[in-house]
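Here are the chains, one letter per residue:
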Amino acid sequence: MLARPGLPSFDYVRAGTPDEVIGLLEEHGEVARLLMGGTDLFVRMRDGFIRPKIVVDVKHLSGMRDIIYDEQAGLTIGAAATMNEVARHPDGQAHYPLLTEAANSVASYQLRNRATLGGNLCNGSPAADTAPAALLLEGRIVLYGPSGEREVPANEFFLGPGETAMQAGELMTAVRFPVPPAHSAGRYLKLGRNKAGDLAIAGVAVFCFPDGTDSGYHFRIGLASVAPVPLRALEAEEVLAASPPGEETFVLAAEKAVEASSPIDDVRASAAYRRAMVRNLTLRGLREVWAQMS
Amino acid sequence: MVMHSIVVTVNGETEYLAVPSNMTLLQLLREKLALTGTKNGCEAGECGACTVLMNGEPVNSCLVLAVEADGAEIVTVEGLAEGDQLTPLQQAFVDHNAVQCGFCTPGMLISAHALLKRNPQPTEEEVKEALVGNLCRCTGYNRIVQAVQKAAYST
């Protein structure tokens, strides 16, 4: 939209403490925006969708970039940890490979050096690549606001396209993941218009672990970019809990995953194509994760 | 408008600058320091023509504020060679005709340079993955990938 290079005019403020952030948000209201990686914010500012007067950099708050694994508490990832930082963390790789794969699938290497996990989640895009992993790994989003800290489970976080449970005046500080079930395996299959770098046409995450269901295994399926929000395909999961794992059950589950989706036509793909791809990616994901179970 | 005093090291030179909040690192490099090797291709983090190293890691400088670069070490394409001595990577680009119009080349070199630092012997697939964020409209990429691999095997 702008013919000359650069960004619209605004004031940059680097916040020192979370309370300072809350104070600034309260003081400036709608014309203040939080800055983490800037990879969504600046793009939208240049396109004219957002016009903040104050941009509050929260990357440097204490703990915002920390990634800490504890054998009891699980994994805590600071909201400003970059995708590359998440992806190359040895504890993430060892215990949460689904999240590692999701983080690695975002955009390009240089964007992953700036884009943050928190930013990806709080922008609430239905196509957010880390969202299905957050859902399947039962992540909890930690928010800090005027009333202090609260946690929102990932499955209550995404409310609509671009809309999350985060309130105006709140700051995301971390995402917490419980210790994953023993012997679990997961895959994130992302389909774009090219092999890498694109936004998802459809993203399917599959997670599995041995459990006391009728089938002996617990499957979780997450979908991105094929509905107004990232979501779990719960009926597909029920099919997988009730019947012996194998091609027949996987085909049925893939159909249920398609039914859980409600994609739209857009520049990247048609709704019909997306539905077909949900089926294929779910099938592929189930086969690959099942192979890891044996 | 608020001006910020920043200290940033660019290609080994320490620069003391006053920058407005909304200036990007890309603008700082091109307009304040006349380092025009780094290019503006899309201003949206898609094309990679603006790629520079920030504290050793490639970033799209169009999406980094100048003020965010305070205290950082920046390397641009101008900072790769030692005087007249091209790096093996740069020489490989020349030798393998990996440059046509040259617009993508600075960004490609920075991304590839960073790749070879972290993965000295990348496979073809790894080279392509590392360069996903650097678009080229001229070469069709093959010679660029070849040049990177040749540079890897020669060092």
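None of the values given here were measured: they were computed from a predicted structure. For every chain, the first residue of the written sequence is number 1, and numbering continues from 1 along that sequence. In the order they appear in the text, chains get letters beginning with A and ligands get numbers beginning with 1. Where totals are concerned, whole chains, interfaces and linings use all residues; where local detail is concerned, this predicted model gives features only for residues with pLDDT of at least 70, and gives and counts side-chain atom pairs only at 80 or more.

1. As for the overall build of chain B
Counting from the N terminus, the helices are DSSP H or I runs at least four residues long and the strands are E runs at least two residues long. Looking only at helices and strands, chain B has 5 helices and 5 strands in total. Sequence-ordered secondary structure for chain B, helices as α and strands as β, is β-β-α-β-β-β-α-α-α-α. Using C-alpha atoms as the atom set, the radius of gyration is obtained and then compared with a globule rule of 2.2 Å times the number of residues to the power 0.38. For 155 residues, the compact-globule estimate of 2.2 N^0.38 gives 15 Å, and chain B sits close to it at 15 Å. Taken along its principal axes, the extent of the C-alpha atoms in chain B is 50 × 30 × 25 Å. Here chain B, with 155 residues, has 48% of them falling under the buried criterion. The long-range share in chain B, meaning contacts at least 24 apart out of those at least 6 apart in sequence, stands at 57%. Counting other C-beta atoms within 10 Å of each residue's C-beta, where C-beta atoms are placed from the backbone, gives the exposure class: buried for 20 or more, exposed for 12 or fewer, partly exposed between. It is the C-beta atoms, placed from the backbone, that decide contacts: two residues are in contact if theirs lie within 7 Å.

2. Considering the domain arrangement of chain B
Many structure descriptions define interface size as the accessible area lost when the parts assemble. All names here are of chain B. The split into domains, and so the bounds of each, comes from an automatic or database assignment of domains. Assigned domains of chain B: these are domain 1 (3-79) and domain 2 (88-154). Looking at the side of domain 1 that touches domain 2, the elements that each hand over two or more residues are strand S3 (51-54) and strand S4 (57-60). Looking at the side of domain 1 that touches domain 2 element by element, the count peaks at 3 residues for S3. Gly is put with the polar residues, along with every residue not named as nonpolar or charged; the nonpolar set is Ala, Val, Leu, Ile, Met, Phe, Trp, Tyr, Cys and Pro, and the charged set is Asp, Glu, Lys and Arg. For the side of domain 1 that touches domain 2, the per-class residue count stands at 7 nonpolar, 4 polar and 2 charged.

3. Comments concerning the sheet that holds strand S2 (residues 13-20) of chain B
Residues and elements named next belong to chain B. The pairing criterion is simple: DSSP has to find at least two bridges between the two strands. Taken together, 5 strands build an open sheet; the order of strands is S2-S1-S5-S3-S4 and the sheet is mixed. The sheet is open, and its two edges are formed by S2 and S4, each paired on a single side. Within the sheet, the average angular offset between the axes of one strand and its neighbour, ignoring direction, is 40°. Docked against the sheet, helix H3 (residues 105-118) engages S3 and S4, running at close to 40° with respect to S3. Structural elements are reduced to axes, namely lines fitted to C-alpha atoms, with helices fitted over the stretch in contact, and the angle between N-to-C directions of any two is expressed from 0 to 180 degrees.

4. Comments concerning the nonpolar core
In this description, a nonpolar core means buried residues of the types Ala, Val, Leu, Ile, Met, Phe, Trp, Tyr and Cys, linked to one another by C-beta atoms lying within 7 Å. Judged by nonpolar contacts, the single largest core of 145 residues is most densely connected at Val58(A), Leu98(A), Val175(A), Leu223(A) and Ala257(A). Apart from residues no more than four positions distant in its own chain, Val175(A) is found in contact with Ile77(A), Ala79(A), Leu117(A), Gly118(A), Leu121(A), Ala134(A), Gly139(A), Ile141(A) and Val142(A).

5. Some details on the confidence of the model for chain B
pLDDT expresses, on a scale from 0 to 100, how confident the predictor is about each individual residue. For chain B, per-residue confidence averages 97 on the pLDDT scale, and 99% of positions sit at 70 or higher. The ipTM value of the predicted complex is 0.97, and its pTM value is 0.96.

6. What about unusual backbone geometry?
Residue and element names in this part refer to chain B. The phi angle at Asn11 is positive, at roughly 50°, despite the residue not being glycine. Inspection of the secondary structure puts Asn11 in the loop between strand S1 (3-10) and S2. The phi torsion at Asn55 lies on the positive side, around 50°, for a residue other than glycine. On the secondary structure map, Asn55 appears in the loop between S3 and S4.

7. With respect to the interface of chain A and chain B
On the chain B side, the residues contacting the 22 residues of chain A number 27 residues. Of all the elements in the fold, those that place two or more residues in the side of chain A that touches chain B are strand S1 (11-14), helix H2 (41-46) and helix H6 (109-112) of chain A. Among the residues making up the side of chain A that touches chain B, the classes are represented as 11 nonpolar, 8 polar and 3 charged.

8. What to know about helix H11 (residues 271-293) of chain A
All names here are of chain A. Here a helix's expected span is defined as the number of its residues, less one, multiplied by 1.5 Å. With 23 residues, H11 ought to run about 33 Å at 1.5 Å a step, and its terminal C-alpha atoms sit 33 Å apart, in line with that. Of the positions making up H11, those classed as buried are Arg274, Met277, Val278, Arg279, Leu281, Thr282, Leu283, Gly285, Leu286, Val289 and Trp290. Taken together, the buried residues of H11 touch strand S11 (185-191), strand S12 (202-210), strand S13 (217-224), helix H9 (234-242) and helix H10 (247-260).

9. Here we look at the packing of helix H2 (residues 88-95) of chain B against helix H5 (residues 142-154) of chain B
Residue and element names in this part refer to chain B. At their nearest, the axes of H2 and H5 sit 8 Å apart, and the two run at 135° to each other. Judged by the inter-axis angle, H2 sits oblique to H5. Classified by chirality, the crossing of H5 by H2 is right-handed. Two secondary-structure elements touch here, H2 through Pro88, Leu89, Ala92 and Phe93 and H5 through Ala147, Val148, Lys150, Ala151 and Ser154. Considered class by class, the residues forming the contact of H2 with H5 number 7 nonpolar, 1 polar and 1 charged. Roughly parallel here means an angle under 35 degrees, roughly antiparallel means over 145, roughly perpendicular means 65 to 115, and every remaining angle is called oblique. Crossing handedness: left-handed means the near helix sits turned counterclockwise from the far one by under a right angle, and right-handed means the same turn made clockwise.

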